[in-house]
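Listed below, chain by chain, are the residues.
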Amino acid sequence: MSSSLTRSLRLLGWAVTVALCVAFIAHRFDTADPLETDFLALLPDARIDVVEQAAQTRLSDDVGRQIIFLLGADTPEVAVAAVDQLTVALASNPLFAVMPATAGDDFKARFEQLFEFRFQLLAPQTRGQLTAAPGELIRGAKENLFGPFAGIALRQMATDPVGLFAAYVDQFMPVGVELYEGRVPLVYAEGKAWAIATRQFSHSSFALTQLRELGLQVHALREQLARGDIELLVTGMPLFAADGEARARGDISVIGLGSLLMIAIMMVVVFRSAVPLLLAVGSIVTGIVVALAISLLVFERLHVLALVFGASLVGVSIDYALHYLCDGLRDARWRGADGVRHIFAATLLGLCTTVLAYASIAVAPFPALRQIAVFSVAGLIGAWTTVICILPALAKPWLRSPRWPIALALGYAQHFPALRTQRVATLVLLSMTAVGGVMVGVTPVDDVRTLQGASRELLGETERIGAIVPLSRDSQFILVRGADPAQTLVRDAATAVALDALVTAGRLRGFSALAQVYPSVSLQQDNYARLKTAYYDSGSIDELFNAVHVRDEVRQRHLAEFAQAQEKQVELARWLKSVGTPWNALWLGCPAQCASIITLSGFARLTGDDLARLRALPGVTVADRAATITDILAQHRVAAVELLCAAFVIAAAFMWIRFGLASALRIIAVPLGAVALSLSIVGATASINLFTIFGLVLVVGLGFDYAIFHHLKGRNDGPVALGVLLSALTSLFAFGLMSASSTSAVSNFGVVLALGTAASYLLSPIAARPLQSSGGEK
């Protein structure tokens, strides 16, 4: 087969492969949005039991799509009018769905269904007063009759003279929140009246287009209300997802476009031609297209954060094209096939070590790292294949290039001190000691909450909202279990008593428990009996009626209603249906074991002795997904260190077999020294976590890559020295841009890789054979 036919077949095969990848990518994006934005989707699954998993799912469904609006004004009337304005603005917006349980009219309608049980449904505070000071309730009712709200008190005299049901309904409002005009929750803080409105993000999956639209809609609402001197505060998981999507999009643009700009400038300076730039960019684009297609084939949904890491692939995948193009600087007789022959062995070994490093990441049961590994491995193989198979058909020697870049690269390589094998062995031992010392001496930071960055504006606004009105959190919650509903409710009540003590002591902002608002059937019967003894049998209720001269028919009708209610009790199922969201989410039912949920409010966390005392209660589990995942991250970090050692040992053994012991020592000294230097700096100035360790795994791959080129070609090969320099510069720039990311996980990854890349290049001349570098070993 002729060389021209072979070349044509290669080009055809490459074109068909790229076309198929592009078609597949277009198909995936056309049929559904394959990109994931939820940060928690990146994390490993927590090993928890079925009931706890069901509780987490229930809370995620209930809270995960919730968006909370606070509208602040100088007067409550203006704040409530702003809620009406917001309601109109969101009514036809497909992004928002009304939460029925928080809508004012529906709120009243739901509780009116429970009014017939008003003699059994008593607030805990009312029940306590019935026991300790029953006269206080009558005295309070009289004060209302002759106070500023006398009209309201008179209207309820016929049906709820002591205000028992009103007190019961009031407890459904968070602490400090009142129901203004019977329909809009209102709280006073910061010298303003804040009206509260709650909506749900109407989409169960956070698609990118909807998240972007959500951000724009909230911004437009803020500006619209500001014109009427209304301050709008907004928070909720969809807002954090939208913020994360915007930051990821910015990171992809900065890292990807920044790297391409750096490459373009560098290529024009070095080669003084646009053709090498186009060839290099072609290999990069091919690698990214292949990477995206394979990733979408392997994973049902690809996280946008994986694309952020994938954007750094630009600085790594260009290495093969750079080595090939630099080889074209040798002389005018150079041909494409010569370039392949000169770089094939070194690039193949470098590819294998780098792919081994990336592939080792996929061993961890960690969705984020698996996606990064698959994306990167596919991209590197696609870029390398393009260089080896396609560029020879298009490339030619670049004789217009200036000689100073080669002189610069050679200058550093040739003037690097030539070390005896014994000194190299000493360097290896010192590096191993340094790595071990840092690993033992530095306290790692595994807290998952430090990995998810968010804009300061959004975090500040959420904290401000949390200071104004208690927010429920689904990261830490309490799961109460029992053999049947009655036992579960008893345990729920005991837990609520313990939590009340923490609230009184100021160690907890608040909580929501069924025991606070739903008395068990036996407790309902007891409530009725206490009420009968304290007011109806004692004649206290007649005293109240006489004080305001209630008509006799009204009095008799009320007494008849009380007598008829003696046998009434509201079952839990009916009660849950009436109160609706979010209270019905607190009961998991009894599929195998009955369970209820107690959610916590505010930003304080249960820790130490408080946590231990709660866990000692019968049937109580304090669930904390963040803490569970943090423990898993710590375990994976330890496993990652073992993986790093294993990857290094495997690569070192291969070098020993391939090149011999002395040469293997020189080669492994480069990545090992790079790991020691970068880890020491990171340990002294930043935090060490799972992403830091996996960054070091890639440092090992890059270090071997640079070392192999210097070992095979020596210090006196100008094109090789220039190729290593340019490869290091592009990788350093890409990883440097990653280190500036606002997302902690991306930043940690970028910092360690930038340091490792710089150290690998600076140490790479060590790998050159002594005779090739200085004429003999010294």
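Structure report, in brief. (Residues numbered from 1 in each chain as written. Predicted model: local features only at pLDDT ≥ 70, side-chain atom pairs only at ≥ 80, totals over all residues. Heavy atoms only, no water.)

**Overview of the overall build of the protein**
(1) Moving on: Counting its regular elements, the protein contains 31 helices and 13 strands.
(2) Moving on: Counting all 778 residues of the protein, 53% fall into the buried class.
(3) Moving on: Within the protein, contacts between residues at least 6 apart in sequence are counted, and of these 83% link residues at least 24 apart.
(4) Moving on: Within the structure as shown, the protein displays about 32700 Å² of accessible surface, and the carbon and sulfur contribution to it stands at 61%. (Helix = DSSP H or I, 4+ residues; strand = E, 2+ residues; numbered from the N terminus. Buried < 20%, exposed > 50% of the residue type's maximum accessible area, 1.4 Å probe, protein only. Contact = heavy atoms within 4.5 Å. Areas by Shrake-Rupley, 256 points an atom, 1.4 Å probe, with all protein chains shown as cover.)

**Considering the packing of aromatic side chains**
(1) Moving on: Applying the stated rule across the entire model yields eleven aromatic pairs.
(2) Moving on: Centroid distance Phe-119 to Phe-562: 5.0 Å. Interplanar angle 90 degrees. Geometry classified as edge-to-face. Placement of the pair is Phe-119 in the loop between helix H4 (104-112) and helix H5 (124-132) and Phe-562 in helix H23 (residues 552-564), with a sequence separation of 443 residues.
(3) Moving on: Using a relative accessible area of 3% as the deciding quantity, one classes Phe-119 as buried.
(4) Moving on: For the pair Tyr-536 and Phe-562, a centre-to-centre distance of 3.7 Å together with 10 degrees between the ring planes defines the contact as stacked. Highlighted residues: Tyr-536 in helix H21 (residues 521-536) and Phe-562 in helix H23, separated in sequence by 26 residues.
(5) Moving on: Tyr-536 sits in the buried class, given a relative accessible area of 14%.
(6) Moving on: Judged by relative accessible area, Phe-562 falls into the buried class, the value being 5%. (Phe/Tyr/Trp six-rings, centres within 6.5 Å; stacked < 30°, edge-to-face > 60°.)

**Remarks on the state of the cysteines**
(1) Moving on: In the structure shown here, the tally under the stated rule is one disulfide.
(2) Moving on: A sulfur-sulfur distance of 1.8 Å marks the disulfide that ties Cys-590 to Cys-594. Across the disulfide from Cys-590 to Cys-594, rotation about the S-S bond amounts to roughly 110 degrees, and the bridge is consequently right-handed.
(3) Moving on: With relative accessibility at 2%, the residue Cys-594 sits in the buried group. (Disulfide = S-S within 2.5 Å.)

Just geometry here; none of it tells us what the structure is for.
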